[in-house]
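A closer look at the structure
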Amino acid sequence: MRILVAGGTGKVGREVVAGLNALGLAPRLLLRPGRPPVPGTETARGDLFDAPSLAAACAGVDRLFLVTPLDPEETAAGLNAVAAARAAGVRRIVFLGIHNIEAGRHIPHFATKLPVLAALREAGPGWTVIEPNNFFQNDIDLFGAIGAGVYPQPLGALGLSRVDTRDIAAAAVRALLEDGFAGRCLPLVGPEVLNGAAVAARYQAALGRPVAYAGDDLTRWNEAVRPLLPGWLRHDLSLMYGYFQARGLAASDQDLAATRAVLGRPPRDLAGFIAGQQASGALAEALERPVAAQA
Ligand SMILES: NC(=O)c1ccc[n+]([C@@H]2O[C@H](COP(=O)([O-])OP(=O)(O)OC[C@H]3O[C@@H](n4cnc5c(N)ncnc54)[C@H](OP(=O)(O)O)[C@@H]3O)[C@@H](O)[C@H]2O)c1
């Protein structure tokens, strides 16, 4: 069985590759020109915005794991991939969506996925959508700020059921390899509802030094990330944080039960993620990075 992974160097995709490798499978990786080959994979040079390259990458492929990037043209990237997969006879597509996407359809990077979801439904029964909440691993880019005593992501007071990308990938691997997931949307959520202050408190407890939540001020957040993020992305993420602050993104009991069912165990928690980062040395190394280089 040949599996193509698009987005396989990213936060979720690299864990999907690791999960497939652990089962003795070497997936084909869609790699943009100039990116180094990844051990344990077969390279297909290509780009989601380059349709001919996708036709070549999909040739002989049975199953596709598809991550579409944060990009103003994300819809085109996703539609290109679905069209190429259909034309090549790919029988199963597992797509990375977003938890409760319909409720956030005013947010550009939520809305850009909706036409891709519609195209998948039209493509037939061989699709599954993984619908994750906000990733713990987003915090890795924030470790310098956290080490300096501030948790800067303006998540708000209502809270989100944040989730570990390793759990998202575990679900994706099952949906790629096993029967019973076709035509289903799988929410992937963490075990607790965390607001900005609670996330800061988890880091404070682990580091043994003060970590304060930076607060909900989106104007201040925009100014802080202005040197780091393009305007379209600041606008997009501001709408997302405003939505988190106004409505939260807490899982329902059914979402949590569905996550437990696909994992066969409870999902990982934030304290465990932080402990893992400490044990690997990644947190200590990141804490040394200059704060100015982080969002
Ligand atoms: N972050 C969250 O909390 C969260 C929550 C729910 C859903 N999501 C969704 O998750 C997706 C992002 O997943 P992620 O965080 O795992 O990805 P990521 O870490 O941002 O990495 C993006 C991946 O896509 C690849 N890529 C980017 N542009 C490409 C192109 N034009 N052609 C081919 N490959 C391209 C990148 O490859 P290179 O190595 O070439 O850069 C990389 O492998 C987004 O759709 C986002 O909306 C995110």
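Everything that follows concerns the structure shown earlier in this document.
Rules and cut-offs
Residues numbered from 1 in each chain as written. Predicted model: local features only at pLDDT ≥ 70, side-chain atom pairs only at ≥ 80, totals over all residues. Heavy atoms only, no water. Helix = DSSP H or I, 4+ residues; strand = E, 2+ residues; numbered from the N terminus. Rg over C-alpha atoms; globule rule 2.2 N^0.38 Å. Contact = heavy atoms within 4.5 Å. Areas by Shrake-Rupley, 256 points an atom, 1.4 Å probe, with all protein chains shown as cover. Lys, Arg positive; Asp, Glu negative; His and termini not counted. Charge placed at Lys NZ, Arg CZ, Asp CG, Glu CD. Near = heavy atom within 4 Å. Polar contact = N/O pair within 3.5 Å; in protein donor to acceptor, adjacent residues only side chain to side chain. Nonpolar A, V, L, I, M, F, W, Y, C, P; charged D, E, K, R; others polar. Buried < 20%, exposed > 50% of the residue type's maximum accessible area, 1.4 Å probe, protein only. Pairing = 2+ DSSP bridges. Right-handed = clockwise from strand over helix to strand, strands pointing away.

1. Re the overall build of the protein
In terms of regular secondary structure, the protein is built from 13 helices and 9 strands. For 295 residues, the compact-globule formula gives about 19 Å, and the C-alpha radius of gyration of the protein, at 19 Å, lands near that figure. Along the longest, intermediate and shortest principal axes, the C-alpha atoms of the protein span 55 × 40 × 35 Å. Considering only residue pairs separated by 6 or more positions, the protein has 74% of its internal contacts joining residues 24 or more positions apart. Roughly 12500 Å² of accessible area belongs to the protein as shown, and the carbon and sulfur atoms make up 56% of that amount. With 28 positive and 27 negative side-chain charges, the protein shows a spacing of 3 Å between the two charge centroids.

2. Some remarks on the site of the ligand
Close to the ligand lie 27 residues; Thr9, Arg35, Thr68, Lys113 and Asn138 are nearest. Within the backbone of threonine 68, one N or O atom sits 2.6 Å away from an oxygen atom of the ligand. Protein chains shield 83% of the accessible area of the ligand, which is 920 Å² for the free molecule. Residues belonging to the shell around the ligand are distributed by class as follows: 11 nonpolar, 10 polar and 6 charged.

3. Notes on the pairing of strand β1 (residues 3-6)
Neither face of β1 is open: one carries Ile3 and Val5, the other Leu4 and Ala6, and all of them are buried. Note that β1 and strand β2 (residues 28-31) share 3 bridges and pair parallel. Bridge pairing links alanine 6 to leucine 30 in β2. Handedness of the crossover joining β1 and β2 through helix α1 (residues 13-22): right-handed.

These values are about where atoms sit, not about what they do.
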